[in-house]
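Structure at a glance
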Amino acid sequence: PYTKLHSSQWNVDQAAGLVFCSLATARALGVPRERWVFPLAVAESNHMVPLVLRRLPHRCPGFARAGERALAAAAREIGEIAHLELYSCFPSAVRVQARELGIDEARPLSVTGGMAFAGGPLNNFVYQALARMAQVLRADPGSAGMLNAVSGILTKQGVSLWSTEPAPGPFRFEDASAETAREVETVQVSAGAAGRGAVAAYTVLFEGAAPSRSVLLCDLEDGSRALATSADPALTELALREELCGRGVRL
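An account of the accompanying structure is given in this report. Numbers given to residues run from 1 along each chain, matching the order in which its sequence is written. Two thresholds apply to this predicted model, a pLDDT of at least 70 for residue-level local features and 80 or more for giving and counting side-chain atom pairs, whereas whole-chain, interface and lining totals are computed over all residues. Excluded from the side-chain calculation are hydrogens and water; included are all heavy atoms of the structure.

1. Brief notes about the packing of aromatic side chains
Note on aromatic contacts: the rings of Phe and Tyr and the six-membered ring of Trp form a pair at centre separations within 6.5 Å, being stacked when their planes are under 30 degrees apart, edge-to-face when over 60 apart, and tilted otherwise. The final tally for this structure, using the stated rule, is three aromatic pairs. For the pair F20 and W162, a centre-to-centre distance of 6.3 Å together with 45° between the ring planes defines the contact as tilted. Taken together, the positions of F20 in the segment before α1 (23–28) and W162 in strand β4 (residues 156–163) put the pair 142 residues apart, joining distant regions of the chain. We classify F20 as exposed; its relative accessible area is 56%. Accessible area is worked out with a 1.4 Å probe on protein chains only. A residue is then buried under 20% of its type maximum, exposed over 50%, and partly exposed in between. Residue W162 is classed as buried on the basis of its relative accessible area, which comes to 9%. Each ring, one from W36 and one from F38, has its centre 6.3 Å from the other, and the planes form 85°; the classification is edge-to-face. Take W36: its relative accessible area is 13%, and that puts it in the buried class. Only runs of H or I of at least four residues qualify as helices and only runs of E of at least two qualify as strands under DSSP, and these elements are numbered from the N terminus.

2. Some points on helix α2 (residues 61–73)
Helix span, as expected, comes to 1.5 Å for every residue beyond the first. End to end, α2 covers 18 Å across 13 residues, agreeing with the expected 18 Å (1.5 Å per residue, within 8%). Burial within α2 is extensive, with ten of its 13 residues counted as buried. Those residues of α2 not exposed but buried are P61, G62, F63, A64, R65, A66, G67, A70, L71 and A73. In this structure, the buried residues of α2 make contact with β1 (38–45), α3 (91–101), β3 (144–151), β4, β5 (172–175) and α6 (177–183). Where α2 terminates, the next one or two residues include A75, which has phi positive at roughly 55°. We call two residues in contact whenever any of their non-hydrogen atoms come within 4.5 Å of each other.

3. Thoughts on the environment of R99
Relative to the assigned elements, R99 resides in helix α3. When the C-alpha atoms of R99 and C60 are compared, they prove to be 9.2 Å apart, with 39 residues separating the residues in sequence.

4. Focus: the side chain of E100
Structurally, E100 can be placed in helix α3. Judged by its relative accessible area of 13%, E100 falls in the buried class. In this structure the side chain of E100 is engaged in a polar contact, spanning 2.8 Å, whose partner is the backbone nitrogen of C60. Discounting chain neighbours no more than four positions away, the residues touching E100 are R59, C60, P61, F63 and A64. N or O atoms within 3.5 Å of each other form a polar contact, as long as, within protein, one can give a hydrogen and the other can take it, and as long as residues adjacent in sequence are counted only when both atoms are side-chain atoms.

5. Structural notes on the sheet that holds strand β2 (residues 83–85)
Taken together, five strands build an open sheet; the order of strands is β2-β3-β4-β1-β5 and the sheet is mixed. Every interior strand has two partners, whereas the edge strands, β2 and β5, have only one. Going across the sheet, the axis of each strand differs from the next one's by a mean of 15°, ignoring polarity. Two strands qualify as a pair provided that DSSP identifies no fewer than 2 bridges between them. Bridging between β1 and β4 involves seven bridges; their strand directions are antiparallel. Within β4, the residue paired with A41 across the bridge is L161. Convention adopted: a line fitted to C-alpha atoms gives each axis, helices being fitted over their contacting stretch, and angles between N-to-C directions are expressed from 0 to 180 degrees. Across the sheet, helix α5 (residues 125–139) touches β2, β3 and β4, and the angle it forms with β3 is around 175°.

Structure (structure tokens):
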């Protein structure tokens, strides 16, 4: 379980203003050149698979494919992206994005400080993050930034690239849904399943400060998957103390 400072803070008043216009309009209005920020490319995957149906719940191929498409459209390599804002509803989301996109986790992964500090009802946070990214890019002319979005439990994936310098070609939008669909492995979840298997993922739910029950996603020997819950205090204590993923289980 995540502590409060690991988690997106929902109870924050938020607002952001974004103005998009053509280059000709910016010039006509006298917007100073040092204020310009260009959207280079956006790529997204809308192939939606519920978490419990994903064969590998720790993977998110949609981010890998969207990242490839966005970077190719902007003629950039990931190492050329100086500033990052990886969508940060929970630590797992940040780490999954970094791994799928080939980003060194030792790098700064946020220009805002993350949603634990900047708030984040669903994807509204991306507006605040983009306003901050524009400030960062203006202070570092010629650099590029990556701003990402998710939907639900990494259900849809979006990657956008920005810079104070335009891309070699026009802005491009890329849809990586088809590639993602070919890559995401799924598994059948069986209601009321019984038998032996192994823990694929798990968490512990709390009521106030006290653990109340364990929730386990289990892969059974017959190739199916089951979602199981238990209020056994010994199991919740074990789950909080030790790593259960890969451990044998009998339903």
